[in-house]
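Understanding the architecture of this molecule
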Amino acid sequence: MSKYILPVLIFSLILYSLFKRNNTYNSFVVGAKGAFDLVLTSFPYIAVIFIAIEIFNVSGLSVLFADFVSPFFELFGIPKELSQLVILKNFTGCGSLAVLENIFSTYGVDSYLARAGCCIAGCSEAIFYVTAVYFSKTDVSKFRYAIPVGILANFIGAIASCWICRLI
């Protein structure tokens, strides 16, 4: 059934466009041009974020920082083994998935750490990446609270994930 969703959606959009008497091909070309412009204007911001994340990971700073903040995290019920995941998820989705895969291979996929790690990965967002993409394309110049509130929301989500997985 799911293999028909995309063709039905495309066919429905074409029918809607014909019903509204729009030039479907021209609308597609204009949209594609807008997407290309978006890529060109946001690429430098995305490149800087990716380079910074890679430097943070390769230099070992992510591990050192995770070890440094793990006693603070443990006060809120987040195990030391999940500290690096909680920190990296703010920066990168792919890097945090690599950490999660390491948790799977070390502790097993049915362990408390794996379940809590999955919940943390699912309930949080790559704040710095999203901020770079969003604010590079909008005219918002005052985003003073965006990053701290996003990091706080990710941290609260990590606390709730660990507590809920302990109960289950």
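Residues numbered from 1 in each chain as written. Predicted model: local features only at pLDDT ≥ 70, side-chain atom pairs only at ≥ 80, totals over all residues. Heavy atoms only, no water.

**Some thoughts on the packing of aromatic side chains**
Filter applied, for reference: Planes of paired rings set the category: under 30 degrees apart is stacked, over 60 is edge-to-face and the rest tilted, where pairs are Phe, Tyr or Trp rings (Trp by its six-membered ring) whose centres lie within 6.5 Å. Only protein chains enter the calculation, and the probe is 1.4 Å; a residue is then buried if its accessible area is under 20% of its type maximum, exposed if over 50%, and partly exposed in between. Numbering goes from the N terminus for both helices and strands, where a helix is a DSSP run of H or I of at least four residues and a strand is a run of E of at least two.
Taken as a whole and judged by the stated rule, the model has seven aromatic pairs. Aromatic side chains Phe-72 and Phe-76 sit 5.1 Å apart centroid to centroid with 70 degrees between the ring planes, which places their arrangement in the edge-to-face category. For Phe-76, a relative accessible area of 32% puts it in the partly exposed group. Consider the rings of Phe-73 and Phe-155, whose centres lie 5.3 Å apart with planes at 40 degrees: the pair is tilted. Separated by 82 residues along the polypeptide, Phe-73 in helix H3 (residues 61-75) and Phe-155 in helix H8 (residues 146-167) bring together distant segments of the chain. Summarising the burial analysis for this pair, Phe-73 and Phe-155 share the class buried.

**Looking at the pattern of salt bridges**
Any two side chains of opposite charge can pair, given that their charged atoms come close. Basically, it comes down to this: What makes a salt bridge here is a side-chain nitrogen of Lys or Arg within 4 Å of a carboxyl oxygen of Asp or Glu, nothing more.
Here the structure, examined in full by the defined rule, presents two salt bridges. Two residues, Lys-33 and Asp-37, come together in a salt bridge whose shortest N-O distance is 3.9 Å. Here Lys-33 and its partner Asp-37 are both found in helix H2 (residues 24-58), four residues apart, which amounts to about one turn of the helix. A salt bridge links Asp-67 to Lys-80, with the shortest nitrogen-to-oxygen separation between them at 3.5 Å. Here the residue Asp-67 occupies a position in helix H3, and Lys-80 occupies one in the loop between H3 and helix H4 (83-89), the gap between them amounting to 13 residues. A relative accessible area of 44% means that Lys-80 is categorised as partly exposed.

**Brief notes about the nonpolar core**
One recurring pattern in soluble globular proteins: nonpolar side chains tend to sit buried together. Rule in force here: Nonpolar cores are built from buried Ala, Val, Leu, Ile, Met, Phe, Trp, Tyr and Cys residues. Side-chain atoms within 4.5 Å join them into one set. Residues are treated as being in contact if the distance between any of their heavy atoms lies within 4.5 Å.
Membership of the largest hydrophobic core comes to 23 residues, with the highest contact counts inside it found for Phe-73, Ile-78, Leu-82, Ile-120 and Cys-162. Those elements that provide at least two residues to this core are H3, H4, helix H5 (93-107), helix H6 (112-123) and H8. Setting aside residues up to four positions removed in sequence, Ile-120 forms contacts with Leu-82, Leu-85, Val-86, Ala-158, Ser-161 and Cys-162.

**Some points on unusual backbone geometry**
The phi angle at Arg-21 is positive, at roughly 60 degrees, despite the residue not being glycine. Relative to the helices and strands, Arg-21 is located in the loop between helix H1 (5-19) and H2. The exposure class assigned to Arg-21 is exposed, which follows from its relative accessible area of 77%.

**Brief notes about a nonpolar patch on the surface**
Quick note on the threshold: A patch is a set of surface residues, each over 30% in relative accessible area and not in a salt bridge, joined within 9 Å for like charges and within 5 Å for the nonpolar side chains Val, Leu, Ile, Met, Phe, Trp and Tyr. The Shrake-Rupley method, run with a 1.4 Å probe, gives the accessible areas here. Residue values count only the displayed protein chains as cover.
Judged by side-chain polarity, Leu-6, Leu-9, Ile-10, Phe-11, Leu-13, Ile-14, Leu-15 and Leu-18 come together as a nonpolar surface patch covering roughly 790 Å² of accessible area. If you trace the backbone, Leu-13 turns up in helix H1.

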